[in-house]
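Descriptive structure summary
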Amino acid sequence: AQSVTQLGSHVSVSEGALVLLRCNYSSSVPPYLFWYVQYPNQGLQLLLKYTTGATLVKGINGFEAEFKKSETSFHLTKPSAHMSDAAEYFCAQKRGSSNTGKLIFGQGTTLQVKP
Amino acid sequence: GAGVSQSPSNKVTEKGKDVELRCDPISGHTALYWYRQSLGQGLEFLIYFQGNSAPDKSGLPSDRFSAERTGGSVSTLTIQRTQQEDSAVYLCASSSQVNTEAFFGQGTRLTVV
């Protein structure tokens, strides 16, 4: 069965520090992977996605993620955190090779950015 | 419309009452999802519609929950005999093809008192 695990429900970094949010997936077929961000009292917004091709994908606001099949991971990074990055981040996957498009989410990671 | 629209944005209801939540997906999107987000929790999958296929209802928590999608467009999520534990934000999303990203609405905040 598909599942998504986000390690760490809360991550705190200082402004200007590296952001690393961890995501591991479980899928018997190559997945399509996504990171979404949710700012307080707002809906979810797509940060980036991996479908096929280049395993390092770049998204909005300076975020990027690397698909590592050998590690079944899709960790989200940003070199330098800004205060405005404080939000909740969700990793998600879909089956990549069937017509079953159910989107499965991890439990989310709340990112706190300290001045 | 330009995005996924959900109504109402907020709903307060008394325990035991039925509620209907509406979702207008992006025009032309064939896939539609409903999720529930409780305070401090992640996104709980409820139901998924894809074109004319039978919906995936595997996430509906009880038989008090049901959803339909009329004409392949608007969807309504119905919760019968609401309970306090149903209080949550209900999110709707749509996507244009099976394997592309989903676009989310702003959600309906349901409070059962």
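Our subject in this report is the structure included herewith.

Calculation notes
Residues numbered from 1 in each chain as written. Chains lettered and ligands numbered in written order. Predicted model: local features only at pLDDT ≥ 70, side-chain atom pairs only at ≥ 80, totals over all residues. Heavy atoms only, no water. Helix = DSSP H or I, 4+ residues; strand = E, 2+ residues; numbered from the N terminus. Rg over C-alpha atoms; globule rule 2.2 N^0.38 Å. Buried < 20%, exposed > 50% of the residue type's maximum accessible area, 1.4 Å probe, protein only. Contact = heavy atoms within 4.5 Å. Areas by Shrake-Rupley, 256 points an atom, 1.4 Å probe, with all protein chains shown as cover. Lys, Arg positive; Asp, Glu negative; His and termini not counted. Charge placed at Lys NZ, Arg CZ, Asp CG, Glu CD. Pairing = 2+ DSSP bridges. Salt bridge = Lys/Arg side-chain N within 4 Å of Asp/Glu carboxyl O. Polar contact = N/O pair within 3.5 Å; in protein donor to acceptor, adjacent residues only side chain to side chain. Core = buried A, V, L, I, M, F, W, Y, C linked by side-chain atoms within 4.5 Å.

1. As for the overall build of chain A
Secondary structure assignment for chain A yields zero helices and 11 strands. Starting at the N terminus and ending at the C terminus, chain A contains elements arranged as β-β-β-β-β-β-β-β-β-β-β. Since a compact globule built from 115 residues should have a radius of gyration of about 13 Å, the 14 Å found for chain A is in line with a globular shape. Expressed along its principal axes, the backbone C-alpha trace of chain A runs to roughly 45 × 30 × 20 Å. Classification of the 115 residues of chain A by burial places 46% in the buried group. Across chain A, contacts joining residues at least 24 apart in sequence account for 58% of those joining residues at least 6 apart. Looking at chain A as shown, the accessible area adds up to about 5,400 Å², and 51% of this sits on carbon and sulfur atoms. Charge separation in chain A, taken as the distance between the mean sites of 10 positive and 6 negative side-chain charges, equals 10 Å.

2. Re the pairing of strand β8 (residues 88–95) of chain B
All names here are of chain B. Within β8, eight of the eight residues are buried, which leaves the element mostly enclosed by the surrounding structure. The side-chain alternation of β8 yields two buried faces, one formed by A88, Y90, C92 and S94 and the other by V89, L91, A93 and S95. With seven bridges joining them, strand β4 (residues 31–37) and β8 adopt antiparallel strand pairing. In the strand pairing of β8, Q37 is matched with V89. Here β8 runs beside strand β10 (residues 108–112); their pairing, made up of three bridges, is antiparallel. Its bridge partner being in β10, A88 is matched across the sheet by L110. Bridge analysis of β8 against strand β9 (residues 103–104) gives two bridges, and the strand direction is antiparallel. Bridge pairing links S94 to F103 in β9.

3. Regarding the pattern of salt bridges
All names here are of chain B. Under the defined criterion, the tally for this structure stands at seven salt bridges over all chains. Close ionic contact of E44 with R36 constitutes a salt bridge, the shortest N to O distance being 2.9 Å. The partly exposed category is assigned to E44, whose relative accessible area is 30%.

4. Some words on the side chain of K94 of chain A
Among the secondary structure elements, K94 of chain A is positioned in strand β9 (residues 87–95). For K94 of chain A, which is buried and forms no salt bridge, the nearest opposite charge comes from E101 of chain B, at a distance of 7.4 Å. Of the polar contacts made by the side chain of K94 of chain A, one reaches the side chain of Y33 of chain B; its length is 3.1 Å.

5. With respect to the nonpolar core
By size, the foremost hydrophobic cluster in this structure holds 27 residues, and its most contacted members are W35, L48, F74, L76 and Y89 of chain A. Elements with a contribution of two residues or more to this core: β2 (10–14), β3 (19–26), β4 (31–38), β5 (44–50), β7 (64–68), β8 (73–78), β9 and β11 (109–114) of chain A. Excluding residues that lie within four positions of it along the chain, Y89 of chain A makes contacts with Q6, L21, W35, Y36, V37, L47, F63, L76, G108, T109 and L111 of chain A. Formed by 20 residues, the second largest nonpolar core is a distinct cluster that contains C23, I26, L32 and F49 of chain B.

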